[in-house]
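Here are the chains, one letter per residue:
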Amino acid sequence: MIMDTSVNKIIVVGGGTAGLLSALILKKTYNVDIEIIKSEEIGIIGVGEGSTEQWQDFLDYCEIDWKELIKETDATVKLGIYFTGGWSKHNYYHSIQRGFSDIKLGQLNFSYLCLLANKVDQIKTADYLAIENLVKNDLNKSPSKQYHFNTFKLNKYLLKKCEQRGIKITNDTIKTVRLNDLGRIDKLIGEKDYTADFYIDCTGFKRLLISSVGGKWKSYSKQFPMNEAIAFPTQDTNEYTPYTESRKTNNGWTWRIPTYGRWGNGHVYNNNLKNADQAKKESEEILGHEIEIGKHVKFDPGALEKMWIQNCLAVGLCASFIEPLEATSIGTTIQQIFLFNQYFIDPSPASRKRYNDKMSIVMNNLKEFVLIHYLNEKDVTLPDELQDKLKIWKTRPPIGEDFLGCSYSLFYTENYTQVLYGMDFWNSDEIKKLLLKFDRNALKILTKTTENMVNNYLDEKRNYISHKRWIENIRNT
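Described below are features of the structure shown in this document. (Residues numbered from 1 in each chain as written. Predicted model: local features only at pLDDT ≥ 70, side-chain atom pairs only at ≥ 80, totals over all residues. Heavy atoms only, no water.)

1. Side note on the overall build of the protein chain
On a plain count of helices and strands, the protein chain comes out with 14 helices and 25 strands. Taken over C-alpha atoms, the radius of gyration comes to 23 Å for the protein chain, in line with the 23 Å a tight globule of 477 residues would show. Taken along the three principal axes of its C-alpha coordinates, the protein chain extends 70 × 50 × 50 Å. Taking all 477 residues of the protein chain together, 57% fall into the buried category. The long-range share in the protein chain, meaning contacts at least 24 apart out of those at least 6 apart in sequence, stands at 77%. A total accessible area of about 20,700 Å² is found for the protein chain, and carbon and sulfur atoms account for 46% of it. Once the 62 positive and 60 negative side-chain charges of the protein chain are each reduced to a mean point, those two points are 2 Å apart. (Helix = DSSP H or I, 4+ residues; strand = E, 2+ residues; numbered from the N terminus. Rg over C-alpha atoms; globule rule 2.2 N^0.38 Å. Buried < 20%, exposed > 50% of the residue type's maximum accessible area, 1.4 Å probe, protein only. Contact = heavy atoms within 4.5 Å. Areas by Shrake-Rupley, 256 points an atom, 1.4 Å probe, with all protein chains shown as cover. Lys, Arg positive; Asp, Glu negative; His and termini not counted. Charge placed at Lys NZ, Arg CZ, Asp CG, Glu CD.)

2. Re the nonpolar core
With 144 residues, the main nonpolar core has Ile10, Trp55, Phe58, Leu188, Ile200 and Leu313 as its most contacted residues. Considering every element that reaches this core, the biggest residue donor is helix α9 (residues 349-372), with 9 residues. In contact with Leu188, other than residues within four places in its own chain, are Ile11, Val13, Ile174, Thr176, Val177, Asp193, Tyr194, Tyr199 and Leu209. Residues Ile230, Phe232, Ala276 and Ile291 belong to the second largest nonpolar core, which totals 6 residues. (Core = buried A, V, L, I, M, F, W, Y, C linked by side-chain atoms within 4.5 Å.)

3. Re the pairing of strand β11 (residues 176-179)
Relative to strand β12 (residues 185-189), β11 runs antiparallel, the two sharing 4 bridges. Across the sheet, residue Leu179 finds its bridge partner in β12, namely Ile185. Between β11 and β12, which follow one another and run antiparallel, lie 5 residues, and Gly183 among them has a positive phi close to 85 degrees. (Pairing = 2+ DSSP bridges.)

4. Quick word on the sheet that holds β12
A sheet is described by the order of its strands in space; here 3 strands give the open sequence β11-β12-β13, paired in antiparallel fashion. In the strand order of this sheet, the two ends are held by β11 and β13 (193-194), each with one partner. Pairing analysis gives 2 bridges linking β12 to β13, with the strands arranged antiparallel. When the sheet's bridge partners are listed, Ile189 is paired in β13 with Asp193.

5. Brief notes about the packing of helix α4 (residues 110-117) against helix α11 (residues 413-422)
Between α4 and α11, the least distance of the axes is 12 Å, while the angle of their chain directions is 0 degrees. On the basis of the axis angle, α4 is roughly parallel to α11. When α4 is examined against α11, the residues Tyr112, Leu115 and Leu116 are found in contact with a partner set consisting of Glu414, Thr417, Gln418 and Tyr421. Of the residues in the contact of α4 with α11, the class split is 4 nonpolar, 2 polar and 1 charged. (Axes fitted to C-alpha atoms, helices over the stretch in contact; angles between N-to-C directions. Parallel < 35°, antiparallel > 145°, perpendicular 65-115°, else oblique. Nonpolar A, V, L, I, M, F, W, Y, C, P; charged D, E, K, R; others polar.)

6. Concerning the sheet that holds strand β19 (residues 262-269)
Reading across the sheet, the 7 strands line up as β5-β4-β17-β18-β19-β16-β20 and stay open at both edges, with mixed pairing between neighbours. The sheet is open, and its two edges are formed by β5 (92-94) and β20 (295-298), each paired on a single side. Each neighbouring strand pair of the sheet contributes to a mean axis angle of 20 degrees, computed without reference to strand direction. Strand direction decides the pairing type here: strand β16 (residues 228-235) and β19, joined by 8 bridges, are antiparallel. Directly across from Ile230, in β19, lies its bridge partner His267.

7. Focus: the environment of Leu436
Turning to its location among the elements, Leu436 is positioned in the loop between α12 (428-435) and α13 (440-459). Given a relative accessible area of 45%, Leu436 falls into the partly exposed group. For the pair Leu436 and Glu191, spaced 245 residues apart in sequence, the C-alpha separation works out to 72 Å.

8. Some words on the packing of aromatic side chains
Centre distance and the angle of the planes are the two values used to describe a pair of aromatic rings. Counted under the stated rule, the structure contains 34 aromatic pairs. Between the aromatic rings of Tyr240 and Trp263, the centroid separation amounts to 6.3 Å while the plane-to-plane angle is 75 degrees, which identifies the pairing as edge-to-face. Note that Tyr240 is positioned in the loop between β16 and β17 (244-249) and Trp263 in strand β19, a separation of 23 residues in sequence. Pairing Trp253 with Trp255 gives two aromatic rings, centres 6.1 Å apart and planes at 55 degrees, and the pair type is tilted. The two residues Trp253 and Trp255 agree in class, both being buried. Taken together through their ring pairs, the aromatic side chains of Tyr30, Phe198, Trp308, Phe340, Phe344 and Tyr355 make up a single cluster. (Phe/Tyr/Trp six-rings, centres within 6.5 Å; stacked < 30°, edge-to-face > 60°.)

9. Describing the pattern of salt bridges
Scanning all chains against the criterion turns up 20 salt bridges. With a shortest N-O distance of 3.1 Å, Arg475 and Asp74 are connected by a salt bridge. Note that Arg475 is positioned in helix α14 (residues 467-475) and Asp74 in the loop between α3 (66-73) and β3 (76-78), a separation of 401 residues in sequence. A relative accessible area of 7% places Asp74 in the buried class. The residue Lys280 makes a salt bridge to Glu284 at a minimum N-O spacing of 2.7 Å. (Salt bridge = Lys/Arg side-chain N within 4 Å of Asp/Glu carboxyl O.)

10. Brief notes about helix α5 (residues 151-164)
With 14 residues, α5 should reach 20 Å at 1.5 Å per residue; the first-to-last C-alpha distance of 20 Å fits that figure. Of the positions making up α5, those classed as buried are Thr151, Leu154, Asn155, Tyr157, Leu158, Leu159, Lys161 and Cys162. The inward-facing, buried residues of α5 abut α1 (17-29), β2 (33-38), α2 (54-61), α3 and β10 (168-171). The N-cap residue of α5 is Asn150: its side-chain oxygen and the backbone nitrogen of Phe152 are 3.1 Å apart. Just downstream of α5 lies Gly166, where phi reads positive at about 80 degrees. (Expected span 1.5 Å × (residues − 1). Polar contact = N/O pair within 3.5 Å; in protein donor to acceptor, adjacent residues only side chain to side chain.)

11. A look at the packing of α4 against α12
The description of two packed helices rests on the angle between their axes and on the distance between the axes. Packing of α4 against α12 leaves a shortest axis separation of 8 Å and a crossing angle of 135 degrees. The angle between α4 and α12 falls in the class oblique. Along this stretch, α4 crosses α12, giving a crossing that reads as left-handed. In contact with Phe110, Leu113, Cys114, Leu116 and Ala117 of α4, α12 contributes Ser428, Ile431, Lys432, Leu434 and Leu435. (Left-handed = near helix turned anticlockwise from the far one by under 90°.)

Pasting the structure below:
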């Protein structure tokens, strides 16, 4: 891609997932030198081992083989997230692998209206054979666009890909960021000095580079009470769920994620109401055995007011983090860099402003989506804009028009509908009233068609296989 010829070199500071993804996407896009400066003194957070559907966009763009990825990162398939333990009256499943989107009237998803009116179990509206730990038995096509990873092996794999593609890897710890008279980054100082035309800050919660050029953190703590997490591994099992399990607890929630050879687990909570020892004890009660904490992380939910300032872009945890729910961190990183590609062709003040405005829309979408998971919590304050949307959605499910503004947002109509369905947001009688506004004969036909879509899916079960067996078959190819 042609871009401003004044940019000949980019330095990425930080060798975690965000830094490596940024380097690989930028190297694929631009004919510039890229150097990653990573510190051996700084460990990987390693608490977020799940991706979102944007991961497949990254694999396709950077031409990375999904089978190789599975083998080298101990990855398993992620078809969605299973919510249990009291998030709602019933357990529910957020998965848009197989959504009912074929039958529409305008932008209204008529299929979902029929399901809601007929009180069909929410789990049946998703890829519900996954609840039986089954995936489609096809070794030539991945069942999903998203995965669970062993974070440390993923890091090693992405580092290898960077080296193979001519990205320079330097081990050093940056101590000082020096600016020029215009307020731009002029030099990075560690054991050696480093200069470039542009800098990507992937230093996590330290925000080392972006802070030096005036980056300001906007806290969301008044809306998002979770601010601390413990993470820990547990032993391998005979079977793997092809989904992340999210279990509600007192003043928090736990996650459970399978990777080949072990499970990744965590407990997220409000440290004003629970401490790490209490979270550990509660996790042990849920699992039925003792655990050993591997990571203990404190965080302030929020985002930078501006992610691109001068000749510096903040990416990943450095730029935004709400909480681990829905595994949004990796997906946001990917979308950040893909969006950045569109404006970095001409890194002017106008481009920076446009980019920052777009990322504000992305963050608002992410905030609203995480918040709707907490609709049944008494102490959660919803922003006015989201309250207005919910009033509209009470009368009809979300439509595409509700999500205009930025095509790089992570969550859209079907995501919101799935979760709100699972949260028992709609009254089936009210939905029936809406349906009766349409042609009654069409309603009968469409309702029958929707029922067939549910029932026919059970017939496909013969083409499915145990998730762990599928993973082992892939690893042996």
